[in-house]
Amino acid sequence: MTEVGLTMLQRWMQAVLVDPLGEAEQPPHAHLPAELHAGTVEAIVRPSRRLTPHQHLAIYQRSYLARLRECMAGQFPVLRHALGDDLFQHFADLYLQRHPSRSYSLASLGQGFAAFLEETRPDRDAGEREWWPDFLVEMAGLEDAIAELFDAEEPPPPDAAAPASLVAPTVRLIAANFPIVAYYRAVQRGDEPDLPLPERSHALLVRNDLRLGLFDLQPAQYHLLACLQEGGALGEAVAVAAGASGVPATAIAEMWPRWRRRWAEEGALLGAA
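Presented here is an overview of the structure given in this document. Small disclaimer: the values here were computed from a predicted structure and weren't measured. (Residues numbered from 1 in each chain as written. Predicted model: local features only at pLDDT ≥ 70, side-chain atom pairs only at ≥ 80, totals over all residues. Heavy atoms only, no water.)

Let's talk about the overall build of the chain
Link 1 in the chain: Each helix and strand counted, the chain has 11 helices and 3 strands in total.
Link 2 in the chain: Sequence-ordered secondary structure for the chain, helices as α and strands as β, is α-α-α-α-α-α-α-β-α-β-β-α-α-α.
Link 3 in the chain: Counting over 273 residues, the chain shows a buried share of 38%.
Link 4 in the chain: Taking as baseline every contact in the chain between residues at least 6 positions apart, the subset at least 24 positions apart corresponds to 61%. (Helix = DSSP H or I, 4+ residues; strand = E, 2+ residues; numbered from the N terminus. Buried < 20%, exposed > 50% of the residue type's maximum accessible area, 1.4 Å probe, protein only. Contact = heavy atoms within 4.5 Å.)

Written as structure tokens, this is what we have:
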């Protein structure tokens, strides 16, 4: 029998497990010598009195797939609620087939799920699109942002003398065409909300120490923070927010001290402007 080194064996086992549904472009036996490409499982895995080599391997494959499904359901609980268990698992399995885990950690498993839902939406090539796939994509994006921010590394202390932005690096600004935050909160409360119709909404997602906060924003507040986040000065941000929201610049400037105090308390701002 051809000798198989530990590294070869580990790569083969990893390839078999990360693609339990058999959809990868490169088959697992590509990591092994050519002599073992036929009958790979039988050549590596020993049978027992009760199980064949394939049955032994299937136990690990099913367990790993179950773990992947569990991670997806845990990262997207509100999207799962909106779709229902069966339909969510169907979409999750399709995603896992095309995007098997390549990281040592499963924390980033669903990072491409929102983009995948957009790419595979049933009305992608239709002349007139339906509204509900847009809601599902936006909800997936919100839950991915929540998971990403929660697991993100702690940023280095800002330069107190000249911070690049007044907005903290642990802030994510959300602009959506549906009231996704209201739906998210309703499901988290245990309600059974209907899928919402299109309605523009804005929100602030911030991590302060180990606590995540999700806050509704008025359009003027969103555009003000977005400009500040890009490094704009306060005067520029007020003008941008006024132009985008229709709220007079004088009114925004007047409300700024109150907004600043509240956002600073939540950890969204690094200091005073």
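As for the sheet that holds strand 2 (residues 201–208)
Remark on secondary structure: sheet strands pair via backbone hydrogen bonds, oriented parallel or antiparallel.
Link 1 in the chain: Strand order in the open sheet made by the 3 strands is 1-2-3, with antiparallel pairing throughout. In this open sheet, the two strands that pair with only one neighbour each are strand 1 (171–176) and strand 3 (211–217). Neighbouring strand axes in the sheet, compared pairwise and without regard to direction, differ in orientation by 20° on average.
Link 2 in the chain: Here helix 7 (residues 132–151) sits on the sheet in contact with strand 1, strand 2 and strand 3, set at roughly 15° to strand 2. (Pairing = 2+ DSSP bridges. Axes fitted to C-alpha atoms, helices over the stretch in contact; angles between N-to-C directions.)

A look at the layout of surface pockets
Link 1 in the chain: Approximately 160 Å³ is the volume found for the second largest pocket.
Link 2 in the chain: Along the walls of the second largest pocket sit 12 residues, with Ala-107, Ser-108, Gln-111, Glu-148 and Asp-151 positioned nearest its centre.
Link 3 in the chain: Among the residues making up the lining of the second largest pocket, the classes are represented as 4 nonpolar, 5 polar and 3 charged. (1 Å grid on protein atoms, 1.4 Å probe; cavity = no way out; pocket = protein on both sides within 12 Å on 5 of 7 lines; lining within 4 Å. Points joined across faces, edges and corners; volume = space filled by probe spheres on them. Nonpolar A, V, L, I, M, F, W, Y, C, P; charged D, E, K, R; others polar.)

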